[in-house]
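# Residue-level structure breakdown
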Protein chains: 2
Amino acid sequence: MAETDPNLMLPIHEQISEALRSRIRSGELPVGSRLPAESTLMEEFSVARGTVRRALRTLNEQGIVQTLQGKGTYVRSGRPEPSIAQTLVGLSESLSYSEKSLTTTVLRQDIVPASAYPEFPSTLDPAEQLLFLDRVRSLDDIPVARLKNWVRLSLAPGIDGTDFETTALFTALDRRATGHLSSGRRTFEAVLADGDIANTLRISTSVPLLFLKQVTYLDDGAVVECSDVWMDSQHVTVAMNLIR
Amino acid sequence: MAETDPNLMLPIHEQISEALRSRIRSGELPVGSRLPAESTLMEEFSVARGTVRRALRTLNEQGIVQTLQGKGTYVRSGRPEPSIAQTLVGLSESLSYSEKSLTTTVLRQDIVPASAYPEFPSTLDPAEQLLFLDRVRSLDDIPVARLKNWVRLSLAPGIDGTDFETTALFTALDRRATGHLSSGRRTFEAVLADGDIANTLRISTSVPLLFLKQVTYLDDGAVVECSDVWMDSQHVTVAMNLIR
DNA sequence: CAGTGGTCTAGACCACCGG
DNA sequence: CGGTGGTCTAGACCACTGC
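Now for a description of the structure that goes with this document. All figures in this text were calculated on a predicted structure; none of them were measured in a lab.

Calculation criteria
Residues numbered from 1 in each chain as written. Chains lettered and ligands numbered in written order. Predicted model: local features only at pLDDT ≥ 70, side-chain atom pairs only at ≥ 80, totals over all residues. Heavy atoms only, no water. Phe/Tyr/Trp six-rings, centres within 6.5 Å; stacked < 30°, edge-to-face > 60°. Helix = DSSP H or I, 4+ residues; strand = E, 2+ residues; numbered from the N terminus. Buried < 20%, exposed > 50% of the residue type's maximum accessible area, 1.4 Å probe, protein only. Axes fitted to C-alpha atoms, helices over the stretch in contact; angles between N-to-C directions. Parallel < 35°, antiparallel > 145°, perpendicular 65-115°, else oblique. Left-handed = near helix turned anticlockwise from the far one by under 90°. Contact = heavy atoms within 4.5 Å. Nonpolar A, V, L, I, M, F, W, Y, C, P; charged D, E, K, R; others polar.

### With respect to the packing of aromatic side chains
All names here are of chain A.
- Scanning the entire structure with this criterion turns up seven aromatic pairs over all chains.
- Measuring from ring centre to ring centre gives 3.6 Å for Tyr117 and Trp150, while their planes differ by 5°; the resulting arrangement is stacked. One end of the pair, Tyr117, is in the loop between β3 (102–113) and β4 (129–139); the other, Trp150, is in strand β5 (residues 142–152), and 33 residues separate them in sequence.
- Note on Trp150: relative accessible area 7%, which makes it buried.
- Taken together, the ring pairs in this structure connect Tyr117, Phe132 and Trp150 into an aromatic cluster.

Structural data, given as structure tokens:
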């Protein structure tokens, strides 16, 4: 693997996976076709087998190819459209695939001490400042989701000046965070709406809601943000695509 | 790594990841603590570094630990919920990471014509045979999930002879399906239990349940199975890990 | 600086698949 | 059977972390 610009130096396994991705995009490796055997790729890229396998692992994890023992590695049939749940994106990024108009109303946007939210999923100095965001998302003017977010201001300085009616939280985080957003975790539960939630979603308290708890991590493992989301599944469904 | 029973022979890296999972469950490795360094684990298990890394990779993918360059591998905060959602696995595969005992009761196991389930997510000959499975999953004898599955017998011949109290559906599908399981799709909703569901889960009809609709595809894109799952989120939480 | 994980090599043996 | 991927070893060098 030649590499001309030292600034663009990427691990060899990433260069290989990108080269293969490119062949798949161009149609040189059509859907359903078999990739060259690992031994062939070793020779072609002049690397050890472990490096080829590391590259193929990435493509498998991305759902681009599927490796079958004793048979080979095959280009997957057409990639499913981006799903809301599989990669780390904000709710608005995923809902925006819909044709309906998405609007956001900010109910509260305050700076609070960490002691005001002891459930924050990592231990904080009680005096640390958090940005508290309380919003309602509507599709075609029907409220469908209530979102409460807590953001560590020390890890996203200046984010409190954002207009969150027009800017998605993830967009602001990408710009302001001291590190890169790296991973997240979501849990799903079913709950009944409490009075406050029911009011803003204009439903009764006996309606079951989809409740998501989310945590967003930076590269270094620090929790930069966490959120509670209640969704009315009569109006929005959470879907995800899965890879074996 | 000694291995006495050749029938139970598992790859060494899986034995190591299970050993570490067990230490985490038992509290020997508490939340937030650092795992032994890879070099230490090499000595302890008498394996090469690559094998240790393969084991840690599994735990990372399952969201149980988080590895940080130059620092170490840490036990993740939060309950170790099984991450059912990121890769295509059956419910039992994901719940089995819990320390509780998982049991399955089969309520019905019948062959029905496709006409009996018009909601099947692909167009079928009304006379085609489907295996209908109706099961209850319990953790420590508390019923936590009700599962209804419809499997196309023509794509998984002989699967109707399986004992589904001891064999997971995905295990049977892996063995019987005419192609490889390749992908799937899940949707999440919150619903109220109807009378029948409430009875089997021993809850009232006003309890909100997590409702999952799932579809499983083969390599060639054919729908081989679909299912409806109701889960009591007071007892089980669905979690997923997300990568940016 | 020492310790950690990330990458990479060059071999080896095995299990699975298909003809 | 030959070809494929799955596992595993025993090294090596490097980048990042924290003291």
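What follows continues from the structure just given.
### A few points about the packing of helix α1 (residues 12–26) of chain A against helix α3 (residues 49–61) of chain A
Residues and elements named next belong to chain A.
- Direction vectors running N to C along α1 and α3 enclose 55°, while the axes themselves pass 8 Å from each other. As far as their axial angle goes, α3 and α1 are oblique. In the crossing of α1 with α3, the sense of the turn from one axis to the other is right-handed. Residues Ile12, His13, Ile16, Ser17, Leu20 and Arg21 of α1 pack against Thr51, Arg54, Ala55, Leu56, Thr58 and Leu59 of α3.
- Across the contact of α1 with α3, the residue classes break down as six nonpolar, four polar and two charged.

### Some details on unusual backbone geometry
- Residue Arg202 of chain A is not a glycine yet carries a positive backbone phi of 55°.
- With respect to the secondary-structure elements, Arg202 of chain A resides in the loop between α6 (195–201) and β7 (208–218).
- Assessed through its relative accessible area of 64%, Arg202 of chain A is described here as exposed.
- In this structure, Asp140 of chain B is a non-glycine residue whose phi angle is positive, near 50°.
- Within the element layout of this structure, Asp140 of chain B appears in the loop between β4 (129–139) and β5 (142–152).
- The partly exposed category is assigned to Asp140 of chain B, whose relative accessible area is 41%.

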